[in-house]
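Analysis of the macromolecular model
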Amino acid sequence: PDSETRQLLERVTADISEVLNRQEGESSMPAPETLTERVRVALLEFESKHPQISGLVERIADGLAGLGI
């Protein structure tokens, strides 16, 4: 991926890691909509630049949403 797409994916990956590494009950957890919105924006940009593999990224996002992330 190009540098812009790479940055978006790295930011989303960091957000996911942060959520997964938090202790249960921590009050500083951001609203899920924030992470969901970031993933959706990254998907739209990625899909426009790399349509062949956008389906895979979309399935990952759906799986995370199913986990409540």
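Residues numbered from 1 in each chain as written. Predicted model: local features only at pLDDT ≥ 70, side-chain atom pairs only at ≥ 80, totals over all residues. Heavy atoms only, no water.

Inspection of the entire model under this criterion finds two salt bridges. Of the charged contacts in the structure, one is a salt bridge between Asp2 and Lys49, with a shortest N-O distance of 3.4 Å. With Asp2 in the segment before α1 (3-21) and Lys49 in helix α2 (residues 32-49), this residue pair connects regions lying 47 residues apart in the sequence. Accessibility expressed as a relative area gives 34% for Lys49, which makes it partly exposed. A salt bridge links Glu4 to Lys49; the nearest nitrogen and oxygen atoms lie 3.7 Å apart. With Glu4 in helix α1 and Lys49 in helix α2, this pair connects stretches of sequence that are 45 residues apart. (Salt bridge = Lys/Arg side-chain N within 4 Å of Asp/Glu carboxyl O. Helix = DSSP H or I, 4+ residues; strand = E, 2+ residues; numbered from the N terminus. Buried < 20%, exposed > 50% of the residue type's maximum accessible area, 1.4 Å probe, protein only.)

Moving on, we get to the layout of surface pockets. In this structure, the largest pocket encloses a volume near 310 Å³. Lining the largest pocket are 15 residues; nearest its centre among them are Val39, Arg40, Leu43, Ala61 and Asp62. If you list the elements that add at least two residues to the lining of the largest pocket, you get α2 and α3 (54-66). Of all the elements, α2 adds the most residues to the lining of the largest pocket, at seven residues. (1 Å grid on protein atoms, 1.4 Å probe; cavity = no way out; pocket = protein on both sides within 12 Å on 5 of 7 lines; lining within 4 Å. Points joined across faces, edges and corners; volume = space filled by probe spheres on them.)

Attention now moves to the nonpolar core. Ranked by size, the top nonpolar core spans eleven residues in total: Leu8, Val12, Ile16, Val19, Leu35, Val39, Ala42, Leu43, Ala61, Leu64 and Ile69. Those elements that place two or more of their residues in this core are α1, α2 and α3. Apart from the residues lying within four places of it in its own chain, the contact partners of Ala61 are Val39 and Leu43. (Core = buried A, V, L, I, M, F, W, Y, C linked by side-chain atoms within 4.5 Å. Contact = heavy atoms within 4.5 Å.)

It is worth spelling out α1 at this point. With 19 residues, α1 extends 26 Å between its outermost C-alpha atoms, agreeing within 8% with the 27 Å of an ideal straight helix rising 1.5 Å per residue. Those residues of α1 that sit buried are Thr5, Leu8, Val12, Asp15, Ile16 and Val19. End-on view of α1: buried residues confined to an arc of 95°, all on one side of the axis. What points out from α1, more than 90 degrees from its buried face, is the exposed set Ser3, Gln7 and Asn21. Capping the start of α1 is the job of one residue whose side-chain oxygen sits 3.1 Å from the backbone nitrogen of Glu4: Asp2. (Expected span 1.5 Å × (residues − 1). Arc of directions from axis to C-beta. Polar contact = N/O pair within 3.5 Å; in protein donor to acceptor, adjacent residues only side chain to side chain.)

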